[in-house]
Amino acid sequence: MTQLDAVTGAFSYSGAAIARALDEAGHRVRTLTGHQERATGDIEVRPLDFTDPARLEASLAGVHTLYNTYWVRFSRGANTHAQAVANSRVLFDAARRAGVRRVVHVSITHADASSPYPYFKGKAEVEAHLKDSGIRYAILRPAVLFGGDGVLINNIAWLLRHLPVFAIGGSGDYRLRPIHIDDLASLCVAQGAASENVTVDAVGPESLTFREMVIAIRAAVGSRALIVPVPGWLLTHMSAALGVVLRDVLLTPEEYRAMAAGLADSDAPAAGKTRLTDWVTQHRDDLGRRYANELDRHFRVSERG
């Protein structure tokens, strides 16, 4: 029989890429999602309802590998990092009871239970619970994702197309190791077929500073925006003000401080092949033509019911 795998959030960003890669590998795909209204194609759809562990267990029955992309980028209402940790525990416990053989979990570089940043601290707590669950696992730790309909690189391009000045926090010399979303998905599927318990920094082949990245995007889209360094505290205030205008969250103080502290960097071997600077050049005509609103994608549909 064709192997059945489950993906959390197969109609969202990384989950969709993993679902496509599994389909191309000939696997049956079932998704656990909070956005059932987005259902398309042949993917089996089940609700991602953390308040009903028995239903989660039933939804994972017969699943060989669970690919988990569930998390929250920032706190909003009841969607906090602490709640995301609790929800992840419910999910992994349901997977264990259902007999899931392997979990491929998407985490973050430098996940650390002693981190001052709730995002990174919470990710470490989720990793620890998975390791203690008894299920065989692969923990993949990307830093920055790009490609497809990703938000970050697209919105930097959009800002560079529309604003005469682009502010960067400090010198912009903090480094990043971005990985293409399809490279991450391929790595996930490969690890789903393996058996060892592993933790891997899922980073791309290119190490560049934030300033270098912005300069590359500016050149690709033909922007003449002036890149101006500003103090980090001012950058986060400016981002918040622009977010009010765009009805979105552009950059949180925690995200900036973590990036400036080097937490988007890694000295691990490349786990992907696609270079961000090559990709932005290849997609120069389309990149940043439309603003990608994070709140519209992940919150407002469910908030409207």
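Reading guide: rules and limits
- Residues numbered from 1 in each chain as written.
- Predicted model: local features only at pLDDT ≥ 70, side-chain atom pairs only at ≥ 80, totals over all residues.
- Heavy atoms only, no water.
- Helix = DSSP H or I, 4+ residues; strand = E, 2+ residues; numbered from the N terminus.
- Rg over C-alpha atoms; globule rule 2.2 N^0.38 Å.
- Buried < 20%, exposed > 50% of the residue type's maximum accessible area, 1.4 Å probe, protein only.
- Contact = heavy atoms within 4.5 Å.
- Pairing = 2+ DSSP bridges.
- Axes fitted to C-alpha atoms, helices over the stretch in contact; angles between N-to-C directions.
- Expected span 1.5 Å × (residues − 1).
- Parallel < 35°, antiparallel > 145°, perpendicular 65-115°, else oblique.
- Left-handed = near helix turned anticlockwise from the far one by under 90°.
- Nonpolar A, V, L, I, M, F, W, Y, C, P; charged D, E, K, R; others polar.
- pLDDT = per-residue confidence, 0-100.
- Salt bridge = Lys/Arg side-chain N within 4 Å of Asp/Glu carboxyl O.

Some words on the overall build of the protein chain
1) Next: From N to C terminus, the protein chain includes eleven helices and 13 strands.
2) Next: For 305 residues, the compact-globule estimate of 2.2 N^0.38 gives 19 Å, and the C-alpha radius of gyration of the protein chain, at 19 Å, lies within 12% of that figure.
3) Next: Relative to its 305 residues, the protein chain shows a buried fraction of 52%.
4) Next: In the protein chain, the share of contacts with a sequence separation of at least 24, taken over all contacts with a separation of at least 6, comes to 78%.

Comments concerning the environment of Thr69
1) Next: Within the secondary structure, Thr69 is located in the loop between β4 (65-68) and α3 (81-98).
2) Next: Placed 189 residues apart in sequence, Thr69 and Ala258 show a C-alpha to C-alpha distance of 20 Å.
3) Next: If we ignore the near neighbours within four places in the chain, the residues touching Thr69 are Thr8, Ser14, Gly15, Ile18 and Val106.

Observations regarding helix α5 (residues 152-162)
1) Next: The buried fraction of α5 is high, at eight of eleven residues.
2) Next: Where α5 is concerned, the buried positions are Ile153, Asn154, Asn155, Ile156, Ala157, Trp158, Leu159 and Leu160.
3) Next: If you follow the buried residues of α5, they end up packed against β7 (144-146), β8 (165-169), α7 (210-221), α8 (232-246) and α10 (276-282).

Thoughts on the sheet that holds β4
1) Next: Spatially, β3-β2-β1-β4-β5-β6-β11 is the arrangement adopted by the seven strands of the open sheet, whose pairing is parallel. Edge positions in the sheet fall to β3 (44-47) and β11 (198-201), since each has one partner strand and no second. On average, adjacent strands in this sheet sit at an angle of 20° to one another, irrespective of strand direction.
2) Next: Direction of pairing for strand β2 (residues 28-33) relative to β3: parallel, over a ladder of four bridges. Of the residues in β3, the one forming a bridge with Thr31 is Val45.
3) Next: In the packing of α3 onto the sheet, the strands contacted are β1 (4-8), β2, β4 and β5 (102-106), and the crossing angle to β4 comes to about 170°.

Considering unusual backbone geometry
1) Next: Of note in the backbone geometry, His110 takes a positive phi value of approximately 60° without being a glycine.
2) Next: Here His110 is to be found in the loop between β5 and α4 (118-132).
3) Next: Given a relative accessible area of 34%, His110 falls into the partly exposed group.
4) Next: In this structure, Arg247 takes a positive phi of about 55° despite not being glycine.

Observations regarding α8
1) Next: In this model α8 runs 21 Å from its N-terminal to its C-terminal C-alpha over 15 residues, within 8% of the 21 Å that 1.5 Å per residue would give.
2) Next: Two residues or fewer past α8, Arg247 is found with a positive phi of approximately 55°.

Thoughts on the environment of Val85
1) Next: In this fold, Val85 is placed in helix α3.
2) Next: On the accessibility criterion, Val85 (3% relative accessible area) is buried.
3) Next: As for Val85 and Lys121, which are separated by 36 residues in sequence, their C-alpha atoms are 9.7 Å apart.

Examining the packing of helix α1 (residues 13-24) against helix α6 (residues 181-192)
1) Next: Between α1 and α6, whose axes approach to 8 Å, the crossing angle comes to 55°. As far as their axial angle goes, α6 and α1 are oblique. The handedness of the crossing between α1 and α6 is right-handed. Between α1 and α6, the contacting residues are Tyr13, Ser14, Ala17, Ile18, Arg20, Ala21 and Leu22 on the first element and Ile181, Asp182, Ala185, Cys188 and Val189 on the second.
2) Next: Of the residues in the contact of α1 with α6, the class split is nine nonpolar, one polar and two charged.

Re the confidence of the model for the protein chain
1) Next: The pLDDT averaged across the protein chain works out to 94; a share of 95% of its residues lies at or above 70.
2) Next: Between residues 300-305, whose pLDDT stays under 50, and residues either more than four places distant or in other chains, the model counts seven contacts.

Focus: the pattern of salt bridges
1) Next: Overall, the coordinates contain eleven salt bridges when judged by the stated rule.
2) Next: Measuring nitrogen to oxygen at the nearest pair gives 3.0 Å for the salt bridge that ties Glu57 to Arg97. Taken together, the positions of Glu57 in helix α2 (residues 53-59) and Arg97 in helix α3 put the pair 40 residues apart, joining distant regions of the chain.
3) Next: By relative accessible area, which is 26% here, Glu57 ends up partly exposed.
4) Next: Residue Arg97 is classed as partly exposed on the basis of its relative accessible area, which comes to 37%.
5) Next: In this structure, Arg73 and Glu255 form a salt bridge, with 2.6 Å as the shortest nitrogen-oxygen distance. Of this pair, Arg73 sits in the loop between β4 and α3 while Glu255 sits in helix α9 (residues 253-260), and the two are 182 residues apart along the sequence.
6) Next: When its relative accessible area of 23% is taken as the criterion, Arg73 is described as partly exposed.
7) Next: Glu255 gets classed as partly exposed once you look at its relative accessible area, which sits at 22%.

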